[in-house]
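Survey of secondary and tertiary structure
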Amino acid sequence: MTSASEVLAALIERGWTLGIAESLSGGALAAEFVSVPGASASLRGAIVAYATPVKHTLLGVDDGLLDAHGPVHPDVALQMAAGARRALQVSGVPADVGVSTTGIAGPDSPDGQPVGTVHIAVVTPYTSVSEAFRFDGDRAQVRAQTVDAAVAMLARILRE
């Protein structure tokens, strides 16, 4: 399994910075990276946009998209990741990489999508990718699997 320290090493090797936007993972992805000594060399910060309107107001997710599809959608994840890059800019320079998580951890689903439905997106200067997942387990297990999948997705994209 890929670790946050491996992802941070790959980011540092490129001279890239990371911005995180989380919903269902509620800060757990940021905590995974912050647990690595020296994370500040690459990690700019994280935004927990748990409430749907905050995805629009803070991350710039299109209101029409949210109204039409709700917060658990691949394009919402992409816009969240892009929004993290912008929101976590320094001196007008966006973070090089944005990663986002949005989904339904349970125990209930507010919009009829299955519990465990998750979308993770990564946006870099060269690519924008959103992937859908369906995780099994309780709320804590879905959230933990989301963090693991986001770290693995980042590692894979940084290797490309």
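Throughout what follows, the structure given in this document is the object of discussion. (Residues numbered from 1 in each chain as written. Predicted model: local features only at pLDDT ≥ 70, side-chain atom pairs only at ≥ 80, totals over all residues. Heavy atoms only, no water.)

Digging into the pairing of strand S2 (residues 43-48)
Sheet faces and side chains relate simply in a regular strand, where the side chains alternate between the two faces. The condition is simple: A pair of strands is considered paired only if DSSP assigns at least 2 bridges between the two. Counting from the N terminus, the helices are DSSP H or I runs at least four residues long and the strands are E runs at least two residues long. By convention, a crossover is right-handed whenever its connection, traced from the first strand over the helix to the second and viewed with the strands pointing away, goes clockwise.
Alignment of strand S1 (residues 18-22) against S2, held across five bridges, turns out to be parallel. The residue bridging Gly-19 from the neighbouring strand is Gly-45, located in S2. Handedness of the crossover joining S1 and S2 through helix H2 (residues 28-34) is recorded here as right-handed.

Let's talk about the pairing of strand S3 (residues 97-103)
Keep this limit in mind: Think of it in three bands: residues with accessible area under 20% of the maximum for their type are buried, residues over 50% are exposed, and the middle band is partly exposed, with areas taken using a 1.4 Å probe on protein chains only.
Burial within S3 is extensive, with seven of its seven residues counted as buried. Neither face of S3 is open: one carries Val-97, Val-99, Thr-101 and Gly-103, the other Gly-98, Ser-100 and Thr-102, and all of them are buried. Relative to S3, S1 is paired through five bridges, and the arrangement is parallel. When the sheet's bridge partners are listed, Gly-19 is paired in S3 with Gly-98.

Concerning unusual backbone geometry
Backbone torsion omega between Gly-106 and Pro-107 reads 10°, so that peptide bond is classified as cis. You can see Pro-107 is positioned in the loop between S3 and strand S4 (117-123). Although it is not a glycine, Ser-91 adopts a positive phi angle of roughly 55°. If you trace the backbone, Ser-91 turns up in the loop between helix H5 (74-87) and S3.

Remarks on H5
Our working rule: An expected span of 1.5 Å times one less than the residue number is assigned to each helix. Contact criterion: two residues are considered in contact whenever any of their non-hydrogen atoms come within 4.5 Å of each other.
Taking 1.5 Å of rise per residue, the 14 residues of H5 would be expected to cover 20 Å, and the 20 Å separating its terminal C-alpha atoms lies within 8% of that figure. All of the buried residues in H5 are Val-76, Ala-77, Met-80, Ala-81, Gly-83, Ala-84 and Arg-85. Buried positions along H5 lie against S1, helix H3 (52-57), helix H4 (63-69), S3, S4 and strand S5 (128-134).

Details of the environment of Leu-29
Relative to the elements of secondary structure, Leu-29 occurs in helix H2. Judged by its relative accessible area of 0%, Leu-29 falls in the buried class. Filtering out sequence-adjacent residues up to four positions away, Leu-29 remains in contact with Ile-20, Glu-22, Val-99, Thr-101, Val-147, Ala-150 and Val-151.

The analysis is restricted to geometry; functional conclusions fall outside its scope.
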